[in-house]
Amino acid sequence: LFELPDFDQHEQVVFVSDRDSGLRAIIAIHHTGRGPAMGGCRMWPYADSVTAATDALRLSRGMTYKNAMAGLPIGGGKAVIIGDSKTTKTPALFAALGKAIDQLGGRYITAEDVGTSPADMQSVHQRTRFVAGLEGEPGRGDPSPATALGVRVGIEAAVQHQLGVDRLQGLTVAIQGLGHVGFDLARQLHEAGARLIVADIDPSRTQRAAEAFGARISSVDDIVAAEAEVFAPCALGAVINPSSLPRLRCQVVAGAANNQLATDDLGEQLREAGILYAPDYVINAGGIIKVCAEYYREPADSVEGRVLAIKQTLAEVFATADREGISTRLAADRMAEARFS
Ligand code: NAI
């Protein structure tokens, strides 16, 4: 385990086992220089504990970069529970995780993620106050609209840099995935006068976008190759990969999905292809900005300004990449490292 990628860059990695509830979890704390490590708790049927630890380390490191670039007073961490969220979830499991988090004394603050829900976080809360995004508290809610807002202004920054235009009117944006973020993004882009091409594995969602926003529907396979200035991945990770990259016909890749690049070197390949990439963890930070503000009980109206600031941050990333002749991905990483180390 000590040889796993990024292990030696972490401040602390905690293995949790609770016999009564059956909990097996790993809490990875990457960096707390800016404040307590915050990052969601993922529940996934990992094949083995090494795979789970690898994921926890990768994700917690990513949270440090994301939180630093969003200017938040928090570091990066992540918890993973080994198990199938559809069959092995119990309140006792999450209460046991809460106990382990509490023992860290506030160095790690958890929240929901893939496979966990606000209700699960309520069970965590039985044993610790170091949990964000609880169910049913006034002013607490879905982070997706904040994420969509950040992506919209991020697209504005990207087209300004790449195409020299300061409005979305008349541009075409291809959106992959019309879920919580993608559908709200479609609405905002439509209101700004953009034309839309959309794809989703759920045909009722594309139909709804066609009716509400006049969106053209693409097949799931062809959306990466849509004739559009902007491609906005809002579904899966690894959507930019060696087979999709040559098919891209856009000038900008800017969307909400996490881990859009299958491998880091694709950032450089996008640059060489003349396509401007808005690094995923910078453009999709609206949700964590909202969750963090709620956790610290900051006024709800402080959130919007910080989300809108994603536009300026991205403009700085693009300018740095140009100046240094490097990919936007690398430019963002270097800017983040300067903010947390
Ligand atoms: P969601 O689960 O609500 O929506 C995903 C949508 O993508 C669904 O409509 C699904 O049917 C569709 N989809 C799945 N596979 C597809 C495929 N092969 N082609 C086209 N569509 C496909 O998820 P949500 O919350 O909208 O998040 C979207 C992405 O943004 C995810 O990668 C998520 O990790 C990321 N993200 C979300 C944040 C949030 O605030 N919700 C914050 C930061 C990142």
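Residues numbered from 1 in each chain as written. Predicted model: local features only at pLDDT ≥ 70, side-chain atom pairs only at ≥ 80, totals over all residues. Heavy atoms only, no water.

So, the domain arrangement of the protein
Here is step 1: Split by domain assignment, the protein resolves into domain 1 (7-63 + 73-125) and domain 2 (144-340).
Here is step 2: On a C-alpha basis, the centres of domain 1 and domain 2 stand 27 Å from each other.
Here is step 3: Where domain 1 abuts domain 2, roughly 900 Å² becomes buried across the two surfaces, and 68% of that area is made up of carbon and sulfur atoms.
Here is step 4: Across the domain 1-domain 2 interface, the total number found is 0 salt bridges.
Here is step 5: Across the domain 1-domain 2 interface, the total number found is 2 residue pairs in polar contact (both at pLDDT 80 or more).
Here is step 6: If you list the elements that add at least two residues to the side of domain 1 that touches domain 2, you get β2 (23-31) and α1 (49-69).
Here is step 7: In terms of residue count, the dominant contributor to the side of domain 1 that touches domain 2 is α1 (3 residues).
Here is step 8: Residue classes in the side of domain 1 that touches domain 2 are distributed as 6 nonpolar, 2 polar and 3 charged. (Domains from an automatic or database assignment. Buried area = accessible area lost by both parts, 1.4 Å probe. Salt bridge = Lys/Arg side-chain N within 4 Å of Asp/Glu carboxyl O. Polar contact = N/O pair within 3.5 Å; in protein donor to acceptor, adjacent residues only side chain to side chain. Helix = DSSP H or I, 4+ residues; strand = E, 2+ residues; numbered from the N terminus. Nonpolar A, V, L, I, M, F, W, Y, C, P; charged D, E, K, R; others polar.)

Examining helix α11 (residues 310-324)
Here is step 1: Between the first and last C-alpha of α11 there are 21 Å, a value that for 15 residues agrees with the 21 Å anticipated at 1.5 Å per step.
Here is step 2: The positive-phi residue at the C-terminal boundary of α11 is Gly-325, with phi of around 65°. (Expected span 1.5 Å × (residues − 1).)

Overview of the packing of aromatic side chains
Here is step 1: In total, this model carries 5 aromatic pairs according to the counting rule given.
Here is step 2: For the pair Tyr-65 and Tyr-281, a centre-to-centre distance of 6.2 Å together with 80° between the ring planes defines the contact as edge-to-face. Residue Tyr-65 is found in helix α1, and its partner Tyr-281 is found in helix α8 (residues 280-283); the two are separated by 216 residues along the sequence. Exposure class is identical for Tyr-65 and Tyr-281. Each is buried.
Here is step 3: Where Phe-183 meets Phe-213, the ring centres are 5.2 Å apart and the plane angle is 50°; that geometry is what we call tilted. In this pair, Phe-183 sits in helix α5 (residues 180-191) while Phe-213 sits in helix α6 (residues 203-213), placing the two residues 30 residues apart along the sequence.
Here is step 4: Residue Phe-183 is classed as buried on the basis of its relative accessible area, which comes to 15%.
Here is step 5: Each member of the aromatic cluster is reached from another via a ring pair, and the members are Tyr-65, Tyr-281 and Phe-340.
Here is step 6: Looking at Arg-208, its charged tip hangs above the ring of Phe-183, at a distance of 4.1 Å from the centre. (Phe/Tyr/Trp six-rings, centres within 6.5 Å; stacked < 30°, edge-to-face > 60°. Buried < 20%, exposed > 50% of the residue type's maximum accessible area, 1.4 Å probe, protein only. Lys NZ or Arg CZ within 6 Å of the ring centre and 35° of its normal.)

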